[in-house]
Every structure is written in structure tokens, then in C-alpha cells.
Amino acid sequence: MNPKRLWASMLIFVGVVGALLVVNIARDEHPALGLDLEGGVSVILAPDTEDATGEDLSFVRDLVRDQLESTGIAEPDVRVEGANVIVDLPGVRDQAEALEAVSVSGIVSLRPVLTCAGGTPDEAAGQSALPTLDGGTCIVGPSDATGEVFVRKSAGVDLDQQGRWVVAVDLSNTGQNQWNALATQCYNGTAACPTTQLAIVLDDVIQSAPVVQTPNFPGSVQISGSFTEDEARSLADVLNRGAFPIQMVQERVETVSPTAGQDALNAAIISGLIGVALTLVYMTVYYRRLAVVIVAGLIVWAATVYLLATYVSQATNYAFTLAGATGVIVSIGITVDTYIVLFERLRDETRQGRSLANAAPRSFDATWKTILAANFIGLMSALILFWLSVGSVKGFALYVGITTICDLIVCWFFIRPAVLLFSRSRFANNGRAATGVTAPVGVPA
């Protein structure tokens, strides 16, 4: 192959990786650390019924994750494990903050307001005395509908023509009739809703009690009042989270100290560096000058892994955990196997009397399919493990997959041109065999 093309392939790839790395550093972007490396709080949410299905739990998981991300908590890890929903909040130190952040599992109910002027509720008739956000108390009638009348994630805030904050939410096809039945009841001021107010209740607290001003709502509802922007957005969050299919309770809260997390991260870094150092020592002794390619390849591979891990961390909900660090450390050996397959074929070619420059392209052509097949099998194993596993095993599988992809990319765009160019250099062909093999008898070294 033309040396200019080889240099272009290698330098362009290294240049792109280097430029992206500089951009990441300038933007202070890095893989978000998981709970076991950064410390934080883990909350276990459990359903209050034995009838909860896997679909119900997945629905709760998605709603909790959406709420946490909207509050600005970096990279929350929300997952279903067995019959529970596990919420890991890296970087959160305060248990009270964690409990407040995940207190999104209540079911919104819609209840007509009977009076806010005191009195005693008739509990036998389903009435309750509930507090309001401003410290008052209202007596409300029985719940005739839940937050499931609203379309999930449809609630939003806006300014009306008078410059007031309003909350708009869409009604679901199945919930529109329920809402309109309640709205008609309150609009007419019947005995079941004499105040014409319809309370939106979450966790036995009245979040808002708007006056119903029309008996029929064709597909959507707009709630207005003397809201501040924060109050309007809080109400929108309540309406968005109100479609929980089951009630969840906070079963257990665990705190991982940042010291323990930092110790785990340091241990992972040290073990990784020791593994790399021992590997490089052995490869240098065994392959001699070819170790230059190995060192350079591992540096480029590590930078590529870092970039891809940062992208995955920023684009998805997966943080870099101790299990992920284990996957990266294990993958160092897998990556070195790629070099060994190529270099051993190179040694065999030189034993047969071929020059290093002639043996290098033949060796790569002969081993590329083997390298591709081995990495493809490893990638498929990682995908299957990621799909079937839960918790930390999923993080291990994720980073084994990431490192495998990086191995293939670096092998084609860097190792291939580097080995071919190295084999033609004076450094490789001056003195003893660069592959660690002397030429056979009768063949010039």
C-alpha cells in the first residue's frame, strides 16, 4: 500500500481522536461516575401491592427517571430489579435531598372541593380533610378519577394573553369522559361539588384547586391562577407524574460515602495501571521493537475508549461504575490479544524467510478476519449479557462492548498502518530482528 495513504489514515485518525479529547477537556466533559465510585444515595422503591407487573414497574422507572433528570440530578441510575425500582443518585450526599428527589411515586387523584371553611368530613361517605400547599385545609369528596385521565408528559407551562402563568395538559382518550363528568358536576355547583372547585391531590396534599369555568373540555385542559413560574412548573410536574399505575413506597435508603467511592476509584486505577505495566514489560521483552507499536496502540485505544465512554455517559443514563472499570481492565488483555494474533503471524512469516516489509501486509491480511471474528463474538457476548442482566453486571457488559468496538476501530485505522509503516522503517530492520526472531539458517537476517 502507498505509504502516503498509510500516513494519512493514521495521522487523520490520531488527529481526530486528539482534537475530540481536547474539546472534551476544554468543556470539562468526562464519564459520569456511578454511585460506587463517586458516592451518593441509593433509594429502593417497592410497590404497595403484590399485583404489580413488570410493565407497571418499567412505567414507574421511566416516570421517576424523567422527574429526576428534570430536576438537574446528574446521571441518575434508575432500574428495575426483581419487584423493586432501584434509584442510585451519584453525588447526592443528603438523604433528605434524595428522598425529596424520588418522592414522585404518589398517584394523583381528582376530588371535588366541598368546603374550605372548616367543618368535619364524613369519612363514611369518602370525604377527607386535606391540607393545601399554602397551609389551609379543605374538605373534599371521594375520588372519581386519577391522573391517568391525562396524557403522559403532555403537561406544560405558558403565559396567557394577560401575562399570567398557566398550565396546559392533554386529556387521554379514555380519561376525557371521566374529566368532563367531574367538570360538569363542578361547573353546575351540584351538592357533590358546591364550591365549583376541583382539587388535584398528590400524596394527600391538595396541589391546586382550580374553579371549573366550562362544563366540557374537548381534548385538553388549561389551569390558570395566580401562579408564579415555579408554582406552575411544579403543578405541571404533578400532572405529568400522575399516571402512575401503582403506588410506590420508599423501602430503604442507603448512603455510600464519597471517601469509599474515591477509594474504589483509586483501587481501579491502580490495578489497571499495574496490569498495563506488566503487560507492556512482557510484550517489550517478547516482541522487542514492536513494543513501540503496542504502546502507541494502547494509548490511542485508551483515548478512544475515554471519548466513547464520555459520549455514552452524556447521551444515556449509564454512568461509569466499578463494574465498568472491571470491564475496561479485563478488556486490556483482550485488546493485547489482537496484537498477539497479528505479531505471531508476523513472526511465522519472518521464520519462512520473508523480509519484515513483505511479511507485514501478508500477516495483516491473513489475521484481520480472525481478529474481526474474535471481536465480533466478544461484542455479541457483551450485548447478550447487557440485554439479559441487571445492575452492575449490565455496566460490566456495557464497557466490555465499548472497549471491543474501540479495539476494532483502532486496529484498522491505527495499528494496520502503523505496523506496515514500522515494517519498512530503518528502526525495525536495523540490527537484530524487530520481531524477536532471528532469521533461519541460510537466510540473511
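Residues numbered from 1 in each chain as written. Predicted model: local features only at pLDDT ≥ 70, side-chain atom pairs only at ≥ 80, totals over all residues. Heavy atoms only, no water.

### Some words on the overall build of the protein
No. 1: Counting its regular elements, the protein contains twelve helices and 13 strands.
No. 2: Taken over 445 residues, the protein has a buried fraction of 43%.
No. 3: Looking at the protein alone, contacts between residues at least 24 apart form 75% of all its contacts between residues at least 6 apart. (Helix = DSSP H or I, 4+ residues; strand = E, 2+ residues; numbered from the N terminus. Buried < 20%, exposed > 50% of the residue type's maximum accessible area, 1.4 Å probe, protein only. Contact = heavy atoms within 4.5 Å.)

### A short note on the state of the cysteines
No. 1: Per the counting criterion, the structure on display carries two disulfides.
No. 2: The residue that forms a disulfide with Cys116 is Cys138, at a sulfur-sulfur distance of 2.0 Å. Because the sign of the S-S torsion sets the handedness, a value of about 100° for the bond joining Cys116 and Cys138 places this disulfide among the right-handed ones. Of this pair, Cys116 sits in the loop between β4 (109-115) and β5 (128-131) while Cys138 sits in strand β6 (residues 137-140), placing them 22 residues apart in sequence.
No. 3: On the basis of relative accessible area, Cys116 is assigned to the partly exposed category, the value being 41%.
No. 4: The connectivity of the disulfide bonds within the protein can be written as 1-2, 3-4, using the sequence rank of each bonded cysteine. (Disulfide = S-S within 2.5 Å.)

### Overview of unusual backbone geometry
No. 1: With phi around 60°, Thr196 is a residue other than glycine that occupies positive phi space.
No. 2: By secondary structure assignment, the location of Thr196 is in the loop between α5 (176-187) and β10 (198-202).
No. 3: The residue Arg288 is not glycine, and still its phi comes out positive at about 55°.
No. 4: We classify Arg288 as partly exposed; its relative accessible area is 31%.

### Section: helix α9 (residues 322-351)
No. 1: Here α9 contains 30 residues, and its C-alpha end-to-end distance of 44 Å stays within 8% of the 44 Å for a straight helix at 1.5 Å per residue.
No. 2: The sharpest bend along α9 measures roughly 25° and falls at Ser331.
No. 3: One or two residues past the end of α9 sits Gly353, with phi positive at roughly 100°. (Expected span 1.5 Å × (residues − 1). Bend = angle between axes of the 7 residues up to and from the residue.)

### Structural notes on the sheet that holds strand β13 (residues 248-256)
No. 1: If you trace the four strands from one edge of the open sheet to the other, you get β2-β3-β1-β13, paired in antiparallel fashion. Sheet topology places β2 (77-81) and β13 at the edges, where each strand pairs with a single neighbour. On average, each strand axis in the sheet is tilted by 20° relative to the strand beside it, whichever way the strands run.
No. 2: Relative to strand β3 (residues 84-90), strand β1 (residues 40-47) runs antiparallel, the two being bridged by six bridges. If you follow Ile44 over to β3, its bridge partner there is Ile86. (Pairing = 2+ DSSP bridges. Axes fitted to C-alpha atoms, helices over the stretch in contact; angles between N-to-C directions.)

### A word on the nonpolar core
One broad trend across soluble globular proteins is that nonpolar side chains are buried collectively.
No. 1: Counting residues in hydrophobic clusters, the biggest one holds 50 residues, and the most contacted among them are Val293, Trp301, Phe343, Phe414 and Ile415.
No. 2: For this core, the element with the highest residue contribution is helix α11 (residues 392-423), accounting for 14 residues.
No. 3: When residues no more than four places from it in sequence are discounted, the contact partners of Val293 are Phe343, Ile415, Ala418, Val419 and Phe422.
No. 4: If you look at the next biggest cluster of nonpolar residues, it comprises 27 residues, including Leu171, Ala183, Cys186 and Ile223. (Core = buried A, V, L, I, M, F, W, Y, C linked by side-chain atoms within 4.5 Å.)

### With respect to the sheet that holds strand β9 (residues 165-170)
No. 1: Judged by pairing direction, the sheet is antiparallel, and its three strands sit side by side in the order β8-β9-β12 without closing on themselves. Strand pairing shows two members of the sheet lacking a second neighbour, β8 (156-159) and β12 (220-224), which therefore form its edges. Going across the sheet, the axis of each strand differs from the next one's by a mean of 30°, ignoring polarity.
No. 2: Both β9 and β12 contribute to a ladder of five bridges, which runs antiparallel. Bridging from a neighbouring strand, Ala168 pairs with Gln222 of β12.

### Considering the packing of aromatic side chains
No. 1: The final tally for this structure, using the stated rule, is eleven aromatic pairs.
No. 2: Ring geometry for Trp179 against Phe217: centres 5.8 Å apart, planes inclined by 80°, an arrangement best described as edge-to-face. Taken as a pair, Trp179 in helix α5 and Phe217 in the loop between β11 (205-208) and β12 lie far apart in primary sequence, 38 residues in all.
No. 3: Since its relative accessible area comes to 4%, Trp179 is described here as buried.
No. 4: Among the aromatic residues, ring-to-ring pairing joins Tyr282, Tyr286, Tyr287, Tyr339 and Phe343 into one connected group.
No. 5: In this arrangement the basic side chain of Lys394 is found over the ring face of Phe386, its NZ or CZ atom lying 4.4 Å from the centre.
No. 6: Here Arg416 stacks its cationic end above the ring of Trp412, 4.2 Å away from the centre of that ring. (Phe/Tyr/Trp six-rings, centres within 6.5 Å; stacked < 30°, edge-to-face > 60°. Lys NZ or Arg CZ within 6 Å of the ring centre and 35° of its normal.)

### Quick word on the packing of α9 against helix α10 (residues 356-388)
No. 1: Remark: α9 packs on α10, axes separated minimally by 8 Å, with the N-to-C direction vectors making an angle of 145°. Helix-helix and strand crossings are classified by hand; for α9 and α10 the assignment is right-handed. Contacts from Thr338, Val341, Leu342, Arg345, Leu346, Glu349 and Thr350 in α9 reach Leu356, Ala359, Ala360, Arg362, Ser363, Phe364, Ala366, Thr367, Thr370, Ile371 and Asn375 in α10.
No. 2: Split into classes, the residues belonging to the contact of α9 with α10 amount to nine nonpolar, six polar and three charged. (Left-handed = near helix turned anticlockwise from the far one by under 90°. Nonpolar A, V, L, I, M, F, W, Y, C, P; charged D, E, K, R; others polar.)

### Let's talk about the layout of surface pockets
No. 1: A volume near 690 Å³ is recorded for the largest pocket.
No. 2: Ile269, Ala302, Tyr306, Phe320 and Val328 are the residues nearest the centre of the largest pocket, which is lined by 23 residues in total.
No. 3: Only α7 (258-287), α8 (291-315) and α9 provide two or more residues apiece to the lining of the largest pocket.
No. 4: Looking at the lining of the largest pocket, its residues break down into 21 nonpolar, two polar and no charged. (1 Å grid on protein atoms, 1.4 Å probe; cavity = no way out; pocket = protein on both sides within 12 Å on 5 of 7 lines; lining within 4 Å. Points joined across faces, edges and corners; volume = space filled by probe spheres on them.)

### Observations concerning the pairing of β9
Within a regular strand, side chains alternate between the sheet's two faces.
No. 1: Here four bridges tie β8 to β9, and the two strands are oriented antiparallel to one another. Pairing of Asp158 across the sheet is with Val166, part of β9.

### Let's talk about the packing of α8 against α11
No. 1: At a minimum axis distance of 8 Å, the contact between α8 and α11 shows a crossing angle of 145°. Between α8 and α11 the crossing geometry is right-handed.

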